[in-house]
Amino acid sequence: TGASPAVGGFAASVAAGALLLAGVYLMHSRTGLVLEVTAALAAFCDALVAAESTRWLAGSLTTLTPIAAIAAIRSPRRRLYGAAAGLLALGAVWAWLAAAHVDVVEAHTAPAAAVALIAGILLWRSGPGRSWLTLGPALVVGIGPTLLLGIVDDDLVRLIAAAVLALAAVIAGAVLRLQAPLILGAVALLVLAVDQWGEEIVRMP
């Protein structure tokens, strides 16, 4: 129809999503698996084509997110589709932020930390897991960039935010007796203290 490649990529990603759901819900196991694999590869290629325009890429990822979530309801590969839905949602948020020219780092790290936290909680509920695996990534992504930028730029707002998050992690780790939040929160507070009062500490008798 003379539309741009980005529009074509978006339309094709919607078609690929429909094909994937057909493979999950309508076909027999082998045929359905072939359709699922074909649709997944097609959706990936279509997203690359749609990436010519950030807005159409965001639209493609936004459309594919509920499709993956619906596929996770009945598919035996529930964890795979659930993880894909989370990653697609995160990618969609990042793409919309890029389309809106939002360059605040926390606007990008906060959704990633939220997705990692939700994934960690689900992993914890599905079976016993170590806090380093289930909670560690979310804490690192949520606190680390804010703390580092606050130190480098001497940004008081970021330093306060990092201190509050780290203190909350320490308290949660102490109450729930979890290593990762306790240690990572304590390390963040220690780094913050050394940055703010390191020279005074060195000059003390």
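Please refer to the structure placed before this passage.
Let me begin by describing the structure that accompanies this report. (Residues numbered from 1 in each chain as written. Predicted model: local features only at pLDDT ≥ 70, side-chain atom pairs only at ≥ 80, totals over all residues. Heavy atoms only, no water.)

1. Examining the environment of His28
No. 1: Of note, His28 is situated in the loop between α1 (5-25) and α2 (29-50).
No. 2: What makes His28 exposed here is its relative accessible area of 68%.
No. 3: For the pair formed by His28 and Ala193, sequence separation is 165 residues and the distance between their alpha carbons is 60 Å. (Helix = DSSP H or I, 4+ residues; strand = E, 2+ residues; numbered from the N terminus. Buried < 20%, exposed > 50% of the residue type's maximum accessible area, 1.4 Å probe, protein only.)

2. Notes on the layout of surface pockets
No. 1: One number sums up the size of the largest pocket: a volume of about 490 Å³.
No. 2: Lining of the largest pocket is provided by 22 residues; of these, Leu20, Ala40, Ala43, Ala84 and Leu88 occupy positions nearest its centre.
No. 3: Of all the secondary-structure elements, those providing two or more residues to the lining of the largest pocket are α1, α2, α3 (54-74) and α4 (78-99).
No. 4: Its volume calculated, the second largest pocket comes out at about 420 Å³.
No. 5: Taken together, 12 residues line the second largest pocket, and the ones lying closest to its centre are Arg79, Gly82, Ala83, Ala119 and Leu122.
No. 6: Of all elements in the fold, only α4 and α5 (105-126) reach the threshold of two or more residues within the lining of the second largest pocket.
No. 7: A breakdown of the residues in the lining of the second largest pocket according to their chemical character gives 7 nonpolar, 3 polar and 2 charged. (1 Å grid on protein atoms, 1.4 Å probe; cavity = no way out; pocket = protein on both sides within 12 Å on 5 of 7 lines; lining within 4 Å. Points joined across faces, edges and corners; volume = space filled by probe spheres on them. Nonpolar A, V, L, I, M, F, W, Y, C, P; charged D, E, K, R; others polar.)

3. Brief notes about the environment of Ala95
No. 1: Relative to the helices and strands, Ala95 is located in helix α4.
No. 2: C-alpha separation for the pair Ala95 and Arg130, spaced 35 residues apart in sequence, amounts to 32 Å.
No. 3: Excluding anything up to four places from it in sequence, Ala95 contacts Thr54, Ala58 and Leu61. (Contact = heavy atoms within 4.5 Å.)

4. Digging into α1
No. 1: Taking 1.5 Å of rise per residue, 21 residues should cover 30 Å, and α1 covers 30 Å from first to last C-alpha, within 8% of that figure.
No. 2: Of the positions making up α1, those classed as buried are Ala6, Gly9, Ser13, Ala16, Gly17, Leu20, Ala22, Gly23 and Val24.
No. 3: Buried residues along α1 sit against α2, α3 and α4. (Expected span 1.5 Å × (residues − 1).)

5. Looking at the pattern of salt bridges
No. 1: Under the counting rule described, the total for this entry stands at 2 salt bridges.
No. 2: A salt bridge links Arg158 to Glu106, with the shortest nitrogen-to-oxygen separation between them at 2.7 Å. Here the residue Arg158 occupies a position in helix α8 (residues 156-176), and Glu106 occupies one in helix α5, the gap between them amounting to 52 residues.
No. 3: Under the relative-accessibility criterion, Arg158 is labelled buried at 17%.
No. 4: A salt bridge links Asp155 to Arg158; its shortest N-O distance comes to 3.2 Å.
No. 5: Linked through salt bridges whose partners overlap, the residues forming this network are Glu106, Asp155 and Arg158. (Salt bridge = Lys/Arg side-chain N within 4 Å of Asp/Glu carboxyl O.)

6. Focus on the side chain of Thr109
No. 1: Relative to the helices and strands, Thr109 resides in helix α5.
No. 2: The class for Thr109 is buried, based on a relative accessible area of 13%.
No. 3: Leave out the neighbours within four places in its chain, and Thr109 touches Val141 and Pro145.

7. Examining the environment of Leu182
No. 1: By secondary structure assignment, the location of Leu182 is in helix α9 (residues 179-203).
No. 2: Sequence-wise, Leu182 and Ala168 are 14 residues apart; in three dimensions their C-alpha atoms are separated by 9.2 Å.
No. 3: Every residue in contact with Leu182, bar those within four places of it in the chain, is listed here: Ala169, Val170, Gly173 and Ala174.

8. Focus on unusual backbone geometry
No. 1: One non-glycine residue, Asp154, lies in the positive phi region at around 50°.
No. 2: If you trace the backbone, Asp154 turns up in the loop between α7 (136-153) and α8.
No. 3: A positive phi is found at Arg177, a non-glycine position, where the angle reads about 60°.
No. 4: Considering the arrangement of structural elements, one finds Arg177 in the loop between α8 and α9.
No. 5: Judged by relative accessible area, Arg177 falls into the exposed class, the value being 78%.

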